[in-house]
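# What the coordinates show
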Amino acid sequence: MAHLLPTLIIGAALTQAATIAPTPATPASPLANAPTETPAPTSPAADKPAPAAPSNDDLANWRQLAAQGAWDDLYLATAAASPERHSATARAEISALLLKGAAASESDRVIALSLAETALRFEESAEALTLAATHALALGDQATASQHLERALARRPDDARIKLLRAHLARAQRDWTTAERLYSEISAQSPEHAEAQAALQSLATDRAADEERAAEGARRDLLRRRVEAEAMVAAMPVSEFDLCRTHTVAACEAIAACKQISANCSLLVDTCPASRLDSGMPRDRLNACAEALAKIDCATRQQALATLTGDTCRGLKLRSDKRLLPEGADSADAPKDSLSGAGHHGGDLRRILQEAARQGF
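No experiment lies behind these values; they were computed from the predicted model shown.

Cut-offs and rules
- Residues numbered from 1 in each chain as written.
- Predicted model: local features only at pLDDT ≥ 70, side-chain atom pairs only at ≥ 80, totals over all residues.
- Heavy atoms only, no water.
- Helix = DSSP H or I, 4+ residues; strand = E, 2+ residues; numbered from the N terminus.
- Buried < 20%, exposed > 50% of the residue type's maximum accessible area, 1.4 Å probe, protein only.
- Contact = heavy atoms within 4.5 Å.
- Areas by Shrake-Rupley, 256 points an atom, 1.4 Å probe, with all protein chains shown as cover.
- Salt bridge = Lys/Arg side-chain N within 4 Å of Asp/Glu carboxyl O.
- Disulfide = S-S within 2.5 Å.
- Core = buried A, V, L, I, M, F, W, Y, C linked by side-chain atoms within 4.5 Å.
- pLDDT = per-residue confidence, 0-100.
- Expected span 1.5 Å × (residues − 1).
- Axes fitted to C-alpha atoms, helices over the stretch in contact; angles between N-to-C directions.
- Parallel < 35°, antiparallel > 145°, perpendicular 65-115°, else oblique.
- Left-handed = near helix turned anticlockwise from the far one by under 90°.
- Nonpolar A, V, L, I, M, F, W, Y, C, P; charged D, E, K, R; others polar.

Along the backbone of the protein chain there are 16 helices and zero strands. Per-residue burial over the protein chain gives 34% buried out of 361 residues. Summarising the internal contacts of the protein chain: among those between residues at least 6 apart in sequence, 66% fall at separations of at least 24. Carbon and sulfur atoms make up 56% of the accessible area of the protein chain, which amounts to about 22000 Å² in all.

Bringing the pattern of salt bridges into the picture now. Summed over the entire model, instances satisfying the criterion amount to 20 salt bridges. Between Glu-93 and Arg-63 there is a salt bridge; the shortest N-O distance is 2.5 Å. Here Glu-93, found in helix H5 (residues 88–103), pairs with Arg-63, found in helix H3 (residues 56–68); they are 30 residues apart in sequence, far enough to count as distant. Accessibility expressed as a relative area gives 28% for Glu-93, which makes it partly exposed. By relative accessible area, which is 40% here, Arg-63 ends up partly exposed. Among the ionic pairs, Glu-124 bridges to Arg-155, the shortest N-O distance being 3.3 Å. Of this pair, Glu-124 sits in the loop between helix H6 (109–122) and helix H7 (126–138) while Arg-155 sits in helix H8 (residues 142–155), and the two are 31 residues apart along the sequence.

Here the structure, examined in full by the defined rule, presents four disulfides. Each sulfur in the disulfide pair Cys-244 and Cys-272 lies 2.1 Å from the other. A torsion of -80° about the S-S bond marks the disulfide between Cys-244 and Cys-272 as left-handed. Within this pair, whereas Cys-244 is found in helix H12 (residues 240–259), its partner Cys-272 is found in the loop between H12 and helix H13 (288–295), the two being separated by 28 residues in sequence. Under the relative-accessibility criterion, Cys-272 is labelled buried at 9%. Numbered by position along the chain, the disulfide-linked cysteines of the protein chain connect as 1-5, 2-4, 3-7, 6-8.

Trp-62, Trp-71, Leu-74, Ile-94, Leu-98, Leu-115 and Ile-162 are the most contacted members of the largest nonpolar core, which has 34 residues in total. Within the residue set of this core, elements represented by two or more residues are H3, helix H4 (71–78), H5, H6, H7, H8 and helix H9 (160–172). Considering each element in turn, this core owes the most residues, seven residues, to H6.

Note on placement: Leu-164 falls in helix H9. Expressed as a C-alpha distance, the spacing of Leu-164 and Leu-182, which sit 18 residues apart in the sequence, is 7.0 Å. Ignoring any residue separated from it by four or fewer positions in sequence, one finds Leu-164 in contact with Tyr-183, Ile-186, Glu-192, Glu-195 and Ala-196.

A separate point is the side chain of Ser-146. Following the sequence through the fold, Ser-146 ends up in helix H8. When residues no more than four places from it in sequence are discounted, the contact partners of Ser-146 are Arg-166, Leu-169 and Gln-173.

Our focus in this paragraph is the confidence of the model for the protein chain. A residue-level look at the protein chain finds 73% of positions with pLDDT of 70 or above and a mean pLDDT of 78. When the criterion is pLDDT under 50, residues 1–54 qualifies, and its contacts beyond four places in sequence or with other chains add up to five contacts. In the model, residues 321–346 has pLDDT below 50 throughout and makes 39 contacts with residues more than four positions away in sequence or in other chains.

This paragraph deals with unusual backbone geometry. Even without being glycine, Arg-174 reaches a positive phi, approximately 60°. With respect to the helices, strands and loops of the structure, Arg-174 is situated in the loop between H9 and helix H10 (176–185). With a phi angle near 55°, Gln-260 is a residue other than glycine that sits in the positive phi range. Mapped onto the elements, Gln-260 comes out in the loop between H12 and H13. According to the relative accessible area criterion, Gln-260 is exposed, its value standing at 73%.

Here we take up the environment of Ala-152. Within the secondary structure layout, Ala-152 lies in helix H8. Taking C-alpha positions, Ala-152 is 9.7 Å from Arg-166, a pair spaced 14 residues apart along the chain. In contact with Ala-152, not counting residues within four places along its chain, are Ala-126, Leu-129, Thr-130 and Ile-162.

Time to look at H12. Across its 20 residues, H12 extends 28 Å between first and last C-alpha, which sits within 8% of the 28 Å expected from 1.5 Å per residue. Trailing H12 by a residue or two, Gln-260 shows a phi angle of about 55°, which is positive.

Running from N to C, H9 and helix H11 (residues 193–235) cross one another at 15°; their axes reach a closest spacing of 12 Å. Accordingly, the angle class assigned to the pair H9 and H11 is roughly parallel. Handedness of the H9/H11 crossing: left-handed. Facing Leu-164, His-168 and Arg-171 of H9, the residues of H11 in contact are Glu-195, Ala-196, Ala-199, Ser-202, Leu-203 and Asp-206. Taken together, the residues of the contact of H9 with H11 sort by class into four nonpolar, two polar and three charged.

Turning to the packing of H10 against H11, a few remarks are in order. Between H10 and H11, the shortest axis-to-axis distance is 9 Å and the interhelical angle comes to 165°. The angle between H10 and H11 places the two elements in the roughly antiparallel class. In the packing of H10 onto H11, the handedness of the crossing is left-handed. Residues Trp-176, Thr-177, Ala-179, Glu-180, Tyr-183 and Ser-184 of H10 pack against Ala-196, Gln-197, Ala-199, Leu-200, Leu-203, Asp-206, Arg-207 and Asp-210 of H11.

Below is the structure:
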């Protein structure tokens, strides 16, 4: 066959040349020199080619494919077809042919969904939408199924069968509110009422279990975040301000407990230097001050502060000598205690406790 191609090409070229060859000249007609008539201008609508009418052969072919159960071929033949080129009657027939294939048990699920969605292009109906949704659900495409069922419900808002399918889908999506509403709307006269009521009864159990799983997941997430935050804090150096704040508040609270007064020990934070310099204190030793004070009885707790400031509670040494009481206010009516001999730090701490007690903190 290949050796015939040059001959055929040449023959075609010769034929074309013969058709365009100039014809022999004929004697001029008396009208040859007459003025020619200018044609009337055509309208833009006349220049636009008319759309090709649908071929009856196409529809006949599609009928034959449907009769043969050739659903793959039917889908391929109609996938690119333009519904607007067909009359309403023809579109309804084509849609019915496609839906027949979509509902056929022997159809592949993907082809069945494609047939149903192609049928929707020719004529949208609740049956086509429901069938397309069923196939989409079987393929795990809940989003597409939801869109088709919503459109089907818009066409038939009282159709219990469609409503039941939509409720089942909402339940699978854990949209408990929608599922409960749709199940409850199915009337007692409907054949789907018994199934809807059974689903409604088990819905509460599923919803409670799902909420419990969500709460447990939230608790675990919070715990994970807390552990991560603690790990981040543990890796950070202890600044001089952190050291002073922690140890000062610990000492204040320990002595306030012994004096049986309510003190706002956060007032002491202002006496700490606003320094971010690394104090050199390991973070796991930061709470040793409070732990040591808790083990010392109240009779010797104040005296112990003088020695603890050298190591365990050394954050107290960073505090400034900020006096919160008027000068001499502690000399007349306050008994001298062992904190007076602990340097400025002990004196400040005692005065702040006294002031806090007077102000009712």
